[in-house]
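Now for the letters of each chain:
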Amino acid sequence: MTGPVPGAYRPAGRALRMVFAVIGLLALVLGYVGFDLLLRAEPGGGYDLYDVIYYDIQLFVLGAEPLQDPGPYPWQLQVARFAAPLFTLLAVVEASRLLLAAEIRRLRARRARGHAVVCGDSQFAHMLADRLFSEGERVVVVRAEPFGPLEYRRRRYLGVTGDPASPEVLRGAGLPRAHTVYACTDDDDRNHAIANAASRLIQDRRQPARVYVQVHDPEMCLSLQARRLGAAGSSRLRLDYFHVDDVAARALHRHHPLPSSTERPVRILIAGRGSFRRAALVASARHWQLRQAEAPADRPVPPLHVDLVAPDATVERELATARHPFLPAACEVRAYDLDLDGLVESGMLRHGYDRLYVCAADERNGLQLALDTPALWQRAESTVFVPVYRQAALAAAFHGDRRHDLLDEVHGRLQLYPVLTRACDAELIAEDLTERLARQIHDKYVQSQVRAGVRLGSAPAMVDWAWLPESLRRANRAHVQDIAAKLLSLGCVVAPRHGPAAGRGDPGASRVIDDRIDELARLEHERWCRERRGEGWVYGEPRDDACRWHPALRPWDELAPDVQEMNRNEIRALPEVLSDAGFEMIRLTAADPDRSARPPRQAGGPDDSPRASGGASGERIGG
């Protein structure tokens, strides 16, 4: 998957060079014929073959001696004396282009605008750059390893060679005018250095680029997301951390949704101790939770049955359930403390599963097991998925198109799942923590309104996230980005959730919210009013989106009681929103009344700024 991407070749350039060659050859042939006719017609003029060839070559440098005399000339010579200098001119232009190609690319990269910058020499960085380019993005790649001329020609990259953590190198890649930056080296610390340098370069922009930092440890990734969520108010930079397992697991259910069954529960098996198992479990549960929410009330969807098989399956189930409390409602998870060999010998495969995941710690062992164990194929009602990281080419050999299927897929029951390839999805990477929390807030709002009797589609906010107007999406993102201010006011921080079973929960954080619910709801409303007015809205009744009139743009004390209660409910939902994403609120100190009385600090603008105001209150009040 790191070879040239489809569409990277430019046949127009090759055709143009062919035209140049034809012009040169035509000028040479016609020049020879023309000079031969011209010299033969001169009385008493002695000449030989070498004279004709010499004069013919002189056509290309505008210096043929016989042309110093007045005509007429044969038509062949007339054509050749114009075609030859044209070929010479084109050759000079092409030679200059090749000699200056590196400098031209460097200037194009530095002056690029509205592009994506991919930093790193890793396999994932190469694959991501290829994927972005194939989707029509303008890409500038920054890496320490020099680019070869053949790579430039075949990939059509704009490349910058140098340390991707250097501000000067990043400035040379046009980073201040980029819309997205990906830090994808094999070293986490270097990725953080790239994020630091990018922050210094784009901190003064009105709409700074989004920065996505790859982290190779999933637990560290979640911890850094928590710390970023708590610091979002201190910088306008849109920054998030991602792990390839999480992105690839979400992509899996987009490309391979779980089957639907009304006759029996859907059953899946996740076997092995590989890092992909947790991501597969959580993504499957979220996928099933969404299916349950979309099901009609008279035909509820039963929980997904999940069998977890590994030497530490019981511990893993407890950790996953503590981290993601929505799991028991969406899934019925049973743990079997067996290794992969024990799975085959136990007879569990006779139960029949709709999907199997073989997530071995060593992908070669998992791949060997899947290839050498017919019982896996015989008992799977659907597909056996084997996540692979370094075997993307082998996966392509199994799952190419009809003309390039090199290996048998066992009638479609064996699926090598290339994690890095599927993780190179810019759309899913862009669904960062801020985006996912914003969507959860919107979904919970819609569900609460439906329970209250509001009909779907009756208001701009009463639609699915995919159809939500961008202004309301920004409002939800701004609500998430303002969580840092609420935490500061409460004397709390966000941390990865471990659950009460681990002795790490803090019920006191929820009590702090209940004790100060009116104050926080007032601050939230005032923040929303500042955001709406910043976008040109004014008070007016009834609401008119075209004129930007809103009846709730008034002081808190003048709001109707039901609107005030909506703001309170939004604050009360904060722990639940964080919990669904795998986080919890931890109280550090008692809240400071003086500090909490101050309104949240505003940033420079409402659009995509971590401190921009809005959020779900924009939906509730405007619903």
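Chains are numbered independently. Their residues run from 1 in the order of the written sequence. At least 70 in pLDDT is required for a residue's local features to be given in this predicted model, at least 80 for side-chain atom pairs to be given and counted, and no such filter applies to totals for whole chains, interfaces and linings, which use all residues. Side-chain measures here rest on the full set of heavy atoms in the structure, leaving out hydrogens and waters.

Engineer: Before we move on, could you go through the overall build of the protein chain and cite the residues and values that matter?
Structural biologist: Regarding its fold elements, the protein chain presents 28 helices and 16 strands. Think of it in three bands: with a 1.4 Å probe and only protein chains considered, a residue is buried below 20% of the maximum accessible area for its type, exposed above 50%, and partly exposed in between. Counting every position in the protein chain, which comprises 623 residues, the buried fraction comes to 50%. Only heavy atoms enter the contact rule, under which two residues are in contact if any of them lie within 4.5 Å. Across the protein chain, the fraction of contacts at a sequence separation of at least 24, relative to all contacts at a separation of at least 6, is 74%. Carbon and sulfur atoms form 55% of the exposed surface of the protein chain, whose accessible area is close to 29,800 Å². Secondary structure follows DSSP: runs of H or I at least 4 residues long count as helices, runs of E at least 2 residues long count as strands, and numbering of each begins at the N terminus. Per-residue and other accessible areas were derived by the Shrake-Rupley procedure at a 1.4 Å probe size, with only the shown protein chains allowed to occlude residues.

Engineer: Summarise the pairing of strand E7 (residues 267–271); cite the residues concerned and give the values.
Structural biologist: When you tally the buried positions in E7, you get 5 out of 5 residues, the bulk of the element. Burial of E7 is two-sided: the residues Arg-267, Leu-269 and Ala-271 facing one way and the residues Ile-268 and Ile-270 facing the other way are all buried. Pairing between two strands is assigned when DSSP locates at least 2 bridges connecting them. In the sheet, E7 pairs with strand E8 (residues 304–309) via 5 bridges, with the strands oriented parallel. By the bridge assignment for E8, Ala-271 is matched with Val-309. Whether a crossover is right-handed depends on one test, that the path from the first strand over the helix to the second runs clockwise when the strands point away from the viewer. As for the winding sense of the linkage, the β-α-β connection from E7 through helix H11 (residues 276–294) to E8 is right-handed. Here 4 bridges tie E7 to strand E10 (residues 353–358), and the two strands are oriented parallel to one another. The partner of Ile-268 across the bridge, within E10, is Arg-355.

Engineer: Go over helix H3 (residues 75–99) with me, naming the residues and quoting the values.
Structural biologist: What a helix is expected to span follows from its residue count: subtract one and scale by 1.5 Å. Between its first and last C-alpha, H3 extends 37 Å over 25 residues, near the 36 Å set by a 1.5 Å rise per residue. Among the residues of H3, Gln-76, Leu-77, Ala-80, Ala-83, Ala-84, Pro-85 and Leu-90 are the ones counted as buried.

Engineer: Before we move on, can you summarise the environment of Glu-570 with the specific residues and values?
Structural biologist: Within the element layout of this structure, Glu-570 appears in helix H25 (residues 561–572). Residue classification places Glu-570 among the buried residues on the basis of a relative accessible area of 7%. For the pair formed by Glu-570 and His-479, sequence separation is 91 residues and the distance between their alpha carbons is 9.9 Å.

Engineer: Tell me about a nonpolar patch on the surface, and name the residues and values.
Structural biologist: The grouping of Leu-25, Leu-28, Val-29, Tyr-32, Val-33, Leu-37, Leu-49, Tyr-50, Ile-53 and Ile-57 at the surface amounts to a nonpolar patch, some 900 Å² of accessible area in total. Elements with a minimum of two residues in the nonpolar patch: helix H1 (11–41) and helix H2 (49–58). Looking at the nonpolar patch element by element, the count peaks at 6 residues for H1. Position of Val-33 among the secondary structure elements: in helix H1. Look at Val-33 and you get partly exposed, because its relative accessible area is 32%. A patch consists of residues exposed above 30% relative accessible area that lack any salt bridge, with like charges linked at up to 9 Å and nonpolar side chains (Val, Leu, Ile, Met, Phe, Trp, Tyr) linked at up to 5 Å. Throughout this description, the term salt bridge denotes a Lys or Arg side-chain nitrogen within 4 Å of a carboxyl oxygen of Asp or Glu.

Engineer: Describe in detail helix H9 (residues 218–231), supporting the description with residues and values.
Structural biologist: The terminal C-alpha atoms of H9 lie 20 Å apart, and with 14 residues this matches the ideal 20 Å at 1.5 Å per residue to within 8%. Among the residues making up H9, those that are buried are Cys-221, Leu-222, Leu-224, Gln-225, Ala-226, Arg-228 and Leu-229. Any pair of N or O atoms that falls within 3.5 Å is considered a polar contact. Within protein, one atom must be able to donate a hydrogen and the other to accept it, and sequence-neighbouring residues count only if both atoms are side-chain atoms. The residue sitting at the N-terminus of H9 and contributing the capping side-chain oxygen is Asp-217; that oxygen lies 3.2 Å from the backbone nitrogen of Glu-219.

Engineer: Mind laying out the pairing of strand E5 (residues 210–214), listing which residues take part and the relevant values?
Structural biologist: For E5, a buried count of 4 out of 5 residues is recorded, marking the element as mostly surrounded by other parts of the structure. Relative to E5, strand E4 (residues 180–183) runs parallel, the two being bridged by 4 bridges. Looking across to E5, one finds that Ala-183 is bridged to Val-213. Pairing geometry for E5 and strand E6 (residues 238–242), over 5 bridges, is parallel. Considered in E6, the bridge of Val-213 is made with Tyr-241.

Engineer: Account for the packing of helix H24 (residues 517–534) against H25, naming residues and giving values.
Structural biologist: A pair of packed helices can be characterised by two numbers: the angle between their axes and the separation between those axes. Note on definitions: angles span 0 to 180 degrees between N-to-C directions of axes, and those axes are lines fitted to C-alpha atoms, for helices only across the stretch in contact. Look at H24 against H25: their axes get within 9 Å of each other, and the N-to-C directions meet at 105°. It follows from the interaxial angle that H24 and H25 lie roughly perpendicular. Across from Ile-517, Asp-518, Leu-520, Ala-521, Glu-524 and His-525 in H24, the residues of H25 making contact are Asn-567, Arg-568, Glu-570, Ile-571 and Arg-572. Classifying every residue of the contact of H24 with H25 by side-chain character gives 4 nonpolar, 2 polar and 5 charged. Each angle is binned into one of four classes, with values under 35 degrees roughly parallel, values over 145 roughly antiparallel, values of 65 to 115 roughly perpendicular, and all other values oblique. Note on residue categories: nonpolar means Ala, Val, Leu, Ile, Met, Phe, Trp, Tyr, Cys or Pro, charged means Asp, Glu, Lys or Arg, and polar means any other residue, Gly included.

Engineer: Tell me about the pattern of salt bridges, and name the residues and values.
Structural biologist: Tallied over the full model, the rule gives 37 salt bridges. The salt bridge partner of Arg-250 is Glu-431, with a shortest N-O separation of 3.5 Å. Here Arg-250 is found in helix H10 (residues 244–255), whereas its partner Glu-431 is found in the loop between helix H19 (426–430) and helix H20 (433–451), with 181 residues between them in sequence. Residue Glu-431 is classed as partly exposed on the basis of its relative accessible area of 23%. We note a salt bridge from Arg-254 to Glu-427, for which the minimum N-O separation is 3.6 Å. Here the residue Arg-254 occupies a position in helix H10, and Glu-427 occupies one in helix H19, the gap between them amounting to 173 residues. Each of Arg-131, Glu-135, Asp-246, Arg-250, Arg-254, Asp-425, Glu-427 and Glu-431 takes part in a single network of salt bridges with overlapping partners.

Engineer: I'd love a proper account of the nonpolar core, names of residues and values included.
Structural biologist: Among the buried residues, those of types Ala, Val, Leu, Ile, Met, Phe, Trp, Tyr and Cys that are joined through side-chain atoms within 4.5 Å form a nonpolar core. In terms of nonpolar packing, the biggest core is built from 57 residues, with Phe-124, Tyr-182, Ile-270 and Phe-276 touching the most fellow members. Tallying contributions element by element places H11 first for this core, with 8 residues. Beyond its immediate sequence surroundings of up to four residues, Phe-276 is in contact with Asp-245, Ala-248, Ala-249, Leu-252, Cys-359, Pro-387, Tyr-389, Tyr-417 and Val-419. Core analysis: the second largest hydrophobic core is formed by 32 residues, Val-446, Met-462, Val-512 and Met-585 among them.

Engineer: Residue-level account of the environment of Pro-146, with values.
Structural biologist: Tracing the chain through its elements places Pro-146 in the loop between strand E2 (139–143) and helix H6 (149–155). Using a relative accessible area of 56% as the deciding quantity, one classes Pro-146 as exposed. Residues Pro-146 and Gly-159 lie 13 residues apart in sequence; the distance between their C-alpha atoms is 8.9 Å.

Engineer: Could you give me a rundown of the packing of aromatic side chains, with the residues and numbers involved?
Structural biologist: Each Phe, Tyr or Trp ring (for Trp, its six-membered ring) is paired with any other whose centre lies within 6.5 Å, and the angle between the two planes then decides the class: stacked below 30 degrees, edge-to-face above 60, tilted in between. Inspection of the entire model under this criterion finds 8 aromatic pairs. Ring centres of Phe-276 and Tyr-417 lie 6.1 Å apart, and the angle between their planes is 45°; this geometry places the pair in the tilted category. Taken together, the residues span a long stretch of sequence, with Phe-276 in helix H11 and Tyr-417 in strand E12 (residues 414–418) at a distance of 141 residues. Assessed through its relative accessible area of 2%, Phe-276 is described here as buried.

Engineer: Please give an account of unusual backbone geometry that cites residues and values.
Structural biologist: With an omega of -10°, the peptide bond between Glu-541 and Pro-542 qualifies as cis. Position of Pro-542 among the secondary structure elements: in the loop between strand E14 (538–539) and strand E15 (549–550). In this structure, Arg-548 takes a positive phi of about 60° despite not being glycine. For Arg-548, the position within the fold is in the loop between E14 and E15. Arg-548 gets classed as partly exposed once you look at its relative accessible area, which sits at 38%.

These figures capture arrangement, not role.
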